[in-house]
Amino acid sequence: MVLPKNYNKNKLLNDIVVGIIIALVSIPISMGYAQIAGLPVKYGLYGSLFPVLVFAISSSSTKLVFGVDAAPAALCGALVSELGITLGSEKAIKMVPAITFVVCIWLAIFMFFKAGKFVKFISEPVMGGFLSGIGCTIILMQVPKLFGGKVGTGEVIDLIKNIVKQGNIGVNKTALILGITTILLIRIFARFFPRVPMAVIAMFIGIGLVYFFNIDKTCNIVTLDAVESGLPSVQAPEFKLILLNGRKIIMSSFTIALVILAESLLTTNSYANKYDQTVSNNTEIFSYSIANLTAAFIGCCPVSGSVSRTGIADQFKSKSQVMSVVAVIAMGAMLLYGTGMIAFMPVPILTGIVISALMGICEFDLAWKLRRVDKVECLIFFAVFGAVMFMGTIYGVLVGLFLSFVTFVLRESSPERTMLGCIENHEGFYTIGRISRAKYIENVAIYRFLGSLFFANIGLFQADINKLLSNKKIKVVIIDASGIGNIDVTAAKRLLSIYEKFIENNKKFYLCGHSGKINDQLRDFGAGKIIQEGCVKMSIDAALDAAGISRPFKLVDSSKVNLISITSSDTMAEFEWAYGYDADEKMEDLADSIVRQIVETHDFDAIEAKRKGRAFARGYWDAKSEEELLDRVEEKLDNYNRDHKEELDKEEYTKIEETIVKRHIRLYEKIRGSKE
């Protein structure tokens, strides 16, 4: 267990309070997840004891809350159902710890191969679609329990049929009201009052309704079975069950272990980055493995890091795993002295708590964002989601990994490319098209390729360069290779072929800006001639100098030159570089705000305008940005004065104009002076 620096009495007291809150939140959630996994509710409480203690002692994370959680429990329950075993039966009670043991073995294998570094290859859309599919599947399983029905099994169509079937048998309206009200209250409080543990409050309200008002009898509300007091006993899993169902258990357990690994490590590293802490991925995987080994020997389902409870602990500013130790002590006390209240817990309310928790793991907000930003990744999200819902969890994982691979290959085969130019009286090279003031250097094409150059994209690269080669106005083509990290033998041979075509056409070709590693690869793959003949340079400026082109460059308006049309992201003024296509709209908004200030104060403060620009642009502000702003302010102020002459008299307007012109002159001198 890691304690942060300067851990003191106040932090200890805070962790004690947080631990008690986590224990209370874990009671209803763990019981519900145990049922989802195919176990009686008491095993959910057992999973919040010794496995959590083992994790707390061995983990390098100070933030992650471990225990029985939605995704592993759901996957475990799905596997039990696929094996033809009734959830909650004696067979299920024997099968689940065997599954947990195999999960432990997989996690140990992951640790041995240091699999933490491979988690980055599981994309957010894949994980989001997978967890959302699991969440929705289990919600559909649980829905009948809201109105007094029985849990369904299978995929989405079977689950919907079961809901309809249970509804036709009969709906307990009071149970339905209790369940839906629970869901609404928890979701509303999570949105507006996140520090209030509404799930715990709902649990105690339900217990109170049964204890004081006997709604179990008067309204025929089903309650949980009584749980005997005492701590869990230790017993080895039945390993023969693994042998009897080997292939299915081994494959499905791999999926469960992978989900535990990905979800727990991503959460751990997210909070570690947030608080500038260091965690060891391999230490964490070891902790997950031995925690699941402990769970297997007390009959529990697989345990995992809990995103929701970690978030709650963070809201209450937990500082260390002391909070997990306290939560274990509080849960142990409840098992020893407080199990009597469990028999008073209404099933519809517990189901409402579980459904609201499952809604929390669904990431449709991510899908909404992807729909606007990246439609391909949005498609991956829903493809994985649909595969889980209609075909099962294993197919969801396979579909997700396959689509991630295909997307990676497609993107690498068509990377970003740009044409670069210059801005008059401005250093550097800027993207043509995105940067409004950027112009081509006469007779020169500067082409930037952003991505490794290999067999899948060298054709695209060659097609672009051939277009430039065929343009009679272009005498020099410079490849800015600063974004090329690797080339393969196919690319090297094509580069040599391209270079020789330029020689045949009496045109100049340069490769520049890349690392020395690319030169080694060119020589190794037989394209060293490009280097030997001096056509590889360290920078664009060096390539221009070698071609006999020096500053000041003769620039040509990009609209008058018919070159290949490709766009990307680079700079003009810093503001346009930072905000790209939104720069114009943002600059307009800033100019409007300054004109409003001029009208209100009847004055123009150039220093205040510069400060406002820097603040508005988050530091992406230079003299060119300020010049652009002043141009717009002058135009808007002129239009405003024409339409509202009564608000600024002629003398005030003239004085303001003179101040703006003086600022323009100072900016011009500053820009010109920095170039000389």
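Residues numbered from 1 in each chain as written. Predicted model: local features only at pLDDT ≥ 70, side-chain atom pairs only at ≥ 80, totals over all residues. Heavy atoms only, no water.

**Focus: the nonpolar core**
Within the largest apolar cluster, 122 residues are counted, with the highest numbers of intra-cluster contacts made by Tyr33, Ile353 and Leu358. The contact partners of leucine 358, leaving out residues within four places of it in the chain, are Tyr33, Ile36, Ala70, Gly135, Ile138 and Ile139. Grouped together as the second largest cluster of nonpolar side chains are 52 residues, Met419, Ile478, Ile498 and Ile540 included. (Core = buried A, V, L, I, M, F, W, Y, C linked by side-chain atoms within 4.5 Å. Buried < 20%, exposed > 50% of the residue type's maximum accessible area, 1.4 Å probe, protein only. Contact = heavy atoms within 4.5 Å.)

**Remarks on the pairing of strand β7 (residues 476-480)**
Counting buried positions along β7 gives five out of five residues, so the element sits mostly inside the fold. Where burial is concerned, the two faces of β7 agree: the one with Val476, Ile478 and Asp480 and the one with Val477 and Ile479 are both buried. Direction of pairing for strand β6 (residues 444-450) relative to β7: parallel, over a ladder of five bridges. Bridge pairing in β7 links valine 444 to valine 476. (Helix = DSSP H or I, 4+ residues; strand = E, 2+ residues; numbered from the N terminus. Pairing = 2+ DSSP bridges.)

**Observations concerning the side chain of aspartate 488**
Mapped onto the fold, aspartate 488 is located in the loop between β7 and α21 (489-504). Within the buried core, aspartate 488 has no salt-bridge partner, and the shortest N-O distance to an opposite charge, that of arginine 494, equals 8.8 Å. Engagement of the side chain of aspartate 488 in a polar contact is seen with the backbone nitrogen of alanine 491, the distance being 2.8 Å. For aspartate 488, the contacting residues outside a window of four places in its chain are Leu453, Phe454, Phe455 and Phe525. (Lys, Arg positive; Asp, Glu negative; His and termini not counted. Salt bridge = Lys/Arg side-chain N within 4 Å of Asp/Glu carboxyl O. Polar contact = N/O pair within 3.5 Å; in protein donor to acceptor, adjacent residues only side chain to side chain.)

**Things to note about the environment of asparagine 471**
Assignment of secondary structure puts asparagine 471 in the loop between α20 (458-470) and β7. A residue is classified by how much of its surface remains accessible, and asparagine 471, at 14% relative accessible area, is buried. A sequence separation of 15 residues divides asparagine 471 from alanine 456, and the C-alpha atoms of the two residues are 25 Å apart.

**Here's the deal with the state of the cysteines**
Evaluated as defined, the whole model comprises zero disulfides. No disulfide involves cysteine 104; its sulfur sits 13 Å from the nearest other cysteine sulfur, which is in cysteine 300. Accessibility expressed as a relative area gives 6% for cysteine 104, which makes it buried. (Disulfide = S-S within 2.5 Å.)

**Considering the confidence of the model for the protein**
Summarising the model, the protein shows a mean pLDDT of 84, and 91% of its residues fall at 70 or more. Mean pLDDT across the elements of the protein bottoms out in helix α25 (residues 574-579) (62) and peaks in helix α13 (residues 281-297) (96). The model gives residues 567-572 a pLDDT under 50, and that stretch makes 31 contacts with residues more than four places away or in other chains. (pLDDT = per-residue confidence, 0-100.)

**Overview of the packing of aromatic side chains**
Counted under the stated rule, the structure contains 22 aromatic pairs. Ring centres of phenylalanine 449 and phenylalanine 461 lie 5.4 Å apart, and the angle between their planes is 85°; this geometry places the pair in the edge-to-face category. With phenylalanine 449 in strand β6 and phenylalanine 461 in helix α20, this pair connects stretches of sequence that are twelve residues apart. Here phenylalanine 449 and phenylalanine 461 have matching classes, each one buried. (Phe/Tyr/Trp six-rings, centres within 6.5 Å; stacked < 30°, edge-to-face > 60°.)

**Quick look at a nonpolar patch on the surface**
The grouping of Ile180, Leu184, Ile188, Phe192, Phe193, Val196, Ile201 and Ile205 at the surface amounts to a nonpolar patch, some 700 Å² of accessible area in total. When residues of the nonpolar patch are traced back to their parent elements, those giving at least two are α8 (173-192) and α9 (198-213). Among the elements that line the nonpolar patch, the one with the most residues is α8, at four residues. Mapped onto the secondary structure, isoleucine 205 falls in helix α9. We classify isoleucine 205 as partly exposed; its relative accessible area is 42%. (Patch = residues over 30% accessible without salt bridge, like charges linked within 9 Å, V, L, I, M, F, W, Y side chains within 5 Å. Areas by Shrake-Rupley, 256 points an atom, 1.4 Å probe, with all protein chains shown as cover.)

**Describing the sheet that holds strand β9 (residues 536-537)**
Spatially, β4-β3-β6-β7-β8-β9 is the arrangement adopted by the six strands of the open sheet, whose pairing is mixed. The open sheet is flanked by β4 (430-431) and β9, the only strands paired with a single partner. Each of β3 (416-421), β6, β7 and β8 (508-512) is contacted by α20, which is oriented at about 170° to β6, the strand it contacts most. Strands in contact with α21 are β7 and β8; relative to β8, the strand with the most contacts, it is inclined by about 145°. (Axes fitted to C-alpha atoms, helices over the stretch in contact; angles between N-to-C directions.)

**Description of the pattern of salt bridges**
Tallied over the entire structure, the rule returns nine salt bridges. The closest approach of N and O atoms between aspartate 69 and arginine 309, which form a salt bridge, is 3.5 Å. Linking aspartate 69 in the loop between β1 (66-68) and α4 (70-82) with arginine 309 in helix α14 (residues 307-315), this pair joins segments that are 240 residues apart in sequence. A single burial state applies to aspartate 69 and to arginine 309, both of which are buried. The salt bridge involving glutamate 500 is made with lysine 529; its shortest N-O contact spans 3.6 Å. Taken together, the residues span a long stretch of sequence, with glutamate 500 in helix α21 and lysine 529 in helix α23 (residues 529-532) at a distance of 29 residues. With a relative accessible area of 32%, lysine 529 lands in the partly exposed category.

**Things to note about the packing of α8 against helix α16 (residues 347-361)**
Packing of α8 against α16 leaves a shortest axis separation of 8 Å and a crossing angle of 35°. The way α8 lies across α16 gives a crossing that is right-handed. In this structure, α8 contributes Ala175, Leu178, Gly179, Thr182, Ile183, Ile186 and Arg187 to the contact, and α16 contributes Pro348, Ile349, Gly352, Ile353, Ile355, Ser356, Met359 and Gly360. Class assignment for the residues of the contact of α8 with α16 results in nine nonpolar, five polar and one charged. (Left-handed = near helix turned anticlockwise from the far one by under 90°. Nonpolar A, V, L, I, M, F, W, Y, C, P; charged D, E, K, R; others polar.)

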